[in-house]
Amino acid sequence: MCRQVFGFRLAMIAVAAPAALLNATPGLGVRLVGAAVVITFMGSYVLFRDWERFGPLLLRHPSLLAMDTLFGTLLLISAGPDTTLAYVSVCTPLLAGIVYGWRGAACFASLQSLILLLVYATLTEQPGADPAERLLLPGFCVITGAVGSALRGLMLRFGEATQALTTTQARLAAAEATDAERARLAREMHDSVAKTLHGVALAAEALAHTAGTPTADPDRIRRQADLVARAARRAATESRELLTDLRAETPGAEASRAGHGNVLTELRTLTADFSRRTGLTTTYRITGDRTEVRVPAPVARHLLTITGEAMENAHRHACATRVDVRAAVHDDQLHVTVRDDGRGLPPDAEPERLRRAGHFGLLGMAERAAALGARLHVGRAEHPGGTEVRLDLPLPLPLSAEGEVSR
């Protein structure tokens, strides 16, 4: 706003300078007026162009504005109060109000009004001028000073409101980032450590049951103990991976640098491992237009986790005897479907209800699908009572999805 005031001053000085030079006394008077024109014009130009650099100097030294007022008075006397230079005088109280507040506005409005009254009193070109006309410009000085002070107050309050809004937005962003990180850790723990520890508990119960029978088979006990040990080591490895991810400066950065892999092959490996570990009949088939789909490692990780969670739910909760996994690419979309012949979802299987009951699998799957920009559908399968989980992922991936899963 101060820059705009100085821009207006520049225009008024440029327009009034010829009249001031023509009315000046030849010789020394012309030189003085010319020097005043150059000084006021250059001072206004410097502050108009580099206010950020020289504005603080004007803020610290009000005497600079007082000196500018004196030079402007010299021009005003030479050009006359009826020229456009009078509007330069009105700008001074406005600028003082913006820069120094109501005290500065009152001081410079009084000073400029007094100068204008003295100029009117000393000049004799208009002896019959109306007194009301002579009081018009001094009155404008008082008004512009009050306007400048009011604008300063409004800008300061606006700045405080903007700062408060920025602070609130920063706090909300930090809270959202914290919630997102908590949700991510909850998903990772549910899909890795918690699931593995559940397997350890089941294996340990089986070991205790076998060891408690009268005719315990040492070989069977040894195999079950080895299963418990391997599951415990797996849980420790997954815990270390979570801690490494937490210690990393950019979560998921290493996964992002892992490159692109054929997710269809990884799905085949995941299905084979699940069948071998659980003994459940599991089939995997690739259909569609392509047999190779390469996606970033974080995207593949989310996709494999969703598929693995769907198969685990069929094994643990649905009492299924068969799981079928299908992967297909149609119309630039990757479709991954997991079907089972189990007892299906309960009627009240809503995400919020499951969350309150302590079941976070479906919630984590939905959050991972949202992070990918994919659509997740969970419902009844073709087999009576079975469940179908279908993930539809657009290809190529949106940039927002790749950036989201990398964080």
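Fair warning: this is a prediction, and the values are worked out from it, not measured in the lab.

## Let's talk about the overall build of the chain
Along the chain, the regular secondary structure elements total 14 helices and seven strands. Carbon and sulfur atoms make up 61% of the accessible area of the chain, which amounts to about 23100 Å² in all.

## What about the packing of helix H11 (residues 297–316) against helix H13 (residues 361–372)?
The contact between H11 and H13 brings their axes to 10 Å, and the two run at 155 degrees. Taken together, H11 and H13 sit at an angle that is classed as roughly antiparallel. H13 is crossed by H11, and the crossing has left-handed handedness. Across the interface between the two elements, Val299, His302, Leu303, Thr305, Ile306, Glu309, Ala310 and Asn313 from H11 touch Gly361, Met365, Arg368, Ala369 and Leu372 from H13.

## Some remarks on the sheet that holds strand E6 (residues 375–380)
The sheet built from five strands is open, its strands ordered E2-E4-E5-E7-E6 with mixed pairing. One side of each edge strand has no neighbouring strand; the edge strands of this open sheet are strand E2 (281–288) and E6. The average angle at which neighbouring strand axes cross in this sheet is 15 degrees, direction not considered. Pairing between E2 and strand E4 (residues 322–329): eight bridges, direction parallel. The residue bridging Ile286 from the neighbouring strand is Ala327, located in E4. On top of the sheet, helix H10 (residues 263–278) reaches E2, E4 and strand E5 (333–340); it is set at about 165 degrees to E2, its chief contact. Strand contacts of H13: E6 and strand E7 (387–394), with the helix running at about 145 degrees to E6, the strand carrying the most contacts.

## Focus on the UniProt feature "transmembrane region" (unreviewed entry) in the chain
The residues that UniProt annotates with the feature "transmembrane region" (unreviewed entry) are residues 7–24, 30–48, 100–123 and 135–155. In residues 30–48, helix accounts for 100% and strand for 0%; the two terminal C-alpha atoms are 26 Å from one another. Annotation note: span residues 135–155, helix share 95%, strand share 0%, distance between end C-alpha atoms 30 Å.

## Considerations on the pairing of E7
Of all the eight residues making up E7, six are buried; the element is thus mostly covered by neighbouring parts of the structure. Pairing of E5 with E7, which is carried by seven bridges, proceeds in the antiparallel orientation. The residue bridging His335 from the neighbouring strand is Asp392, located in E7. Relative to E7, E6 runs antiparallel, the two sharing six bridges.

## What about the nonpolar core?
Among the nonpolar cores identified, the biggest contains 33 residues, and Val263, Leu264, Leu267, Val293, Leu303, Val323 and Leu334 are the most heavily contacted of them. Mapped onto this core, the elements with two or more residues apiece are H10, H11, E4, E5, H13 and E7. Element by element, the count of residues in this core is highest for H11, at eight residues. Apart from the residues lying within four places of it in its own chain, the contact partners of Val263 are Val293, Val295, Ala300, Leu303 and Leu334. Within the second largest apolar cluster, 15 residues are counted, among which are Cys2, Trp51, Leu94 and Tyr100.

Cut-offs applied
- Once a new chain begins, its residue numbering starts again from 1 and follows that chain's sequence as written.
- For a predicted model such as this one, the threshold for reporting local features is a pLDDT of at least 70, and the threshold for listing and counting side-chain atom pairs is 80 or more; totals across whole chains, interfaces and linings nevertheless cover every residue.
- Note that water and hydrogens are dropped before the side-chain values are worked out from all heavy atoms of the structure.
- The helix count covers DSSP runs of H or I at least four residues long, the strand count covers runs of E at least two residues long, and both are numbered beginning at the N terminus.
- Only the protein chains shown count as cover for residues, and all accessible areas are computed by the Shrake-Rupley method using a 1.4 Å probe.
- Helix axes are fitted to C-alpha atoms over the stretch in contact, other axes to C-alpha atoms as well, and angles between N-to-C directions run from 0 to 180 degrees.
- Our angle categories are set so that under 35 degrees counts as roughly parallel, over 145 as roughly antiparallel, 65 to 115 as roughly perpendicular, and the remainder as oblique.
- With the far helix as reference, a near helix turned anticlockwise by less than a right angle produces a left-handed crossing, and one turned clockwise produces a right-handed crossing.
- Note on definitions: a residue-residue contact is assigned when non-hydrogen atoms from the two residues lie within 4.5 Å.
- Two strands pair if DSSP finds at least two bridges between them.
- UniProt positions are given in the numbering used here, feature names are shortened, and annotations may be inferred rather than shown by experiment.
- With a 1.4 Å probe rolled over the protein chains alone, any residue whose accessible area is under 20% of its type maximum counts as buried; one over 50% counts as exposed, and the rest are partly exposed.
- As used in this record, nonpolar core signifies buried Ala, Val, Leu, Ile, Met, Phe, Trp, Tyr and Cys residues forming a set joined through side-chain atoms within 4.5 Å.

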